[in-house]
Amino acid sequence: MRYLVALLLIIATPCHARDWTVTDTALESVYLVLHSIDWVQSKYSSKHPDTFYETNAFLGKHPHGGDVNAYFATAAIAHVSVAYLIPDKYRSMFQIATIGMEIGYVRNNYHIGVGIQF
């Protein structure tokens, strides 16, 4: 899992869109860190189905670990791709909005007791 998180962070680093900025890279990195924490929390809850359930409609209430990995890996790649392709005047709005969403997910999971285990 640690290697996968490192890979996702590396994916965001070399983005070379014509108008990609250092700020875009920083925002994408922040998003991917939060997304990775959410990923780990979802893996944790999938290992404790008697205590927690998933609220992500794509995953279902009690997803298997492999389904969690497939979803979050695909979502991370899709986010980087969309951020890369979106026009520069909208990119930071997209990144900031999705960072805000991830903060909400991670915060909620933390408050209900979902652990973070790498």
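Here, every reference points to the structure presented above.
It should be emphasised that the depicted structure is a prediction, and the values quoted were computed from it without experimental measurement.

Our focus in this paragraph is the nonpolar core. L27, Y31, L32, L34, A76, V80 and I99 form the largest nonpolar core, which has seven residues in total. For this core, the elements supplying multiple residues, two or more each, are helix 2 (22-47) and helix 3 (65-85). Of the residues forming this core, the biggest block, four residues, is contributed by helix 2. Once residues within four sequence positions are removed from consideration, Y31 is found in contact with H79, T98, I99 and E102. If you look at the next biggest cluster of nonpolar residues, it comprises five residues, including W39, L59, V68 and F72.

To continue, consider the packing of aromatic side chains. In this structure the tally under the stated criterion is four aromatic pairs. Here W39 and F72 contribute two aromatic rings whose centre-to-centre distance is 5.9 Å and whose plane-to-plane angle is 15°, an arrangement assigned as stacked. Placement of the pair is W39 in helix 2 and F72 in helix 3, with a sequence separation of 33 residues. Take W39 and F72: they sit in the same class, and that class is buried. Ring geometry for Y44 and F52: centres 6.0 Å apart, planes at 55°, overall tilted. Looking at Y44, the relative accessible area reads 18%, which means it is buried. Ring-pair connections join several aromatic residues into one group, and the members of that group are W39, F58, Y71 and F72.

The rules we used
- Residues numbered from 1 in each chain as written.
- Predicted model: local features only at pLDDT ≥ 70, side-chain atom pairs only at ≥ 80, totals over all residues.
- Heavy atoms only, no water.
- Core = buried A, V, L, I, M, F, W, Y, C linked by side-chain atoms within 4.5 Å.
- Buried < 20%, exposed > 50% of the residue type's maximum accessible area, 1.4 Å probe, protein only.
- Helix = DSSP H or I, 4+ residues; strand = E, 2+ residues; numbered from the N terminus.
- Contact = heavy atoms within 4.5 Å.
- Phe/Tyr/Trp six-rings, centres within 6.5 Å; stacked < 30°, edge-to-face > 60°.

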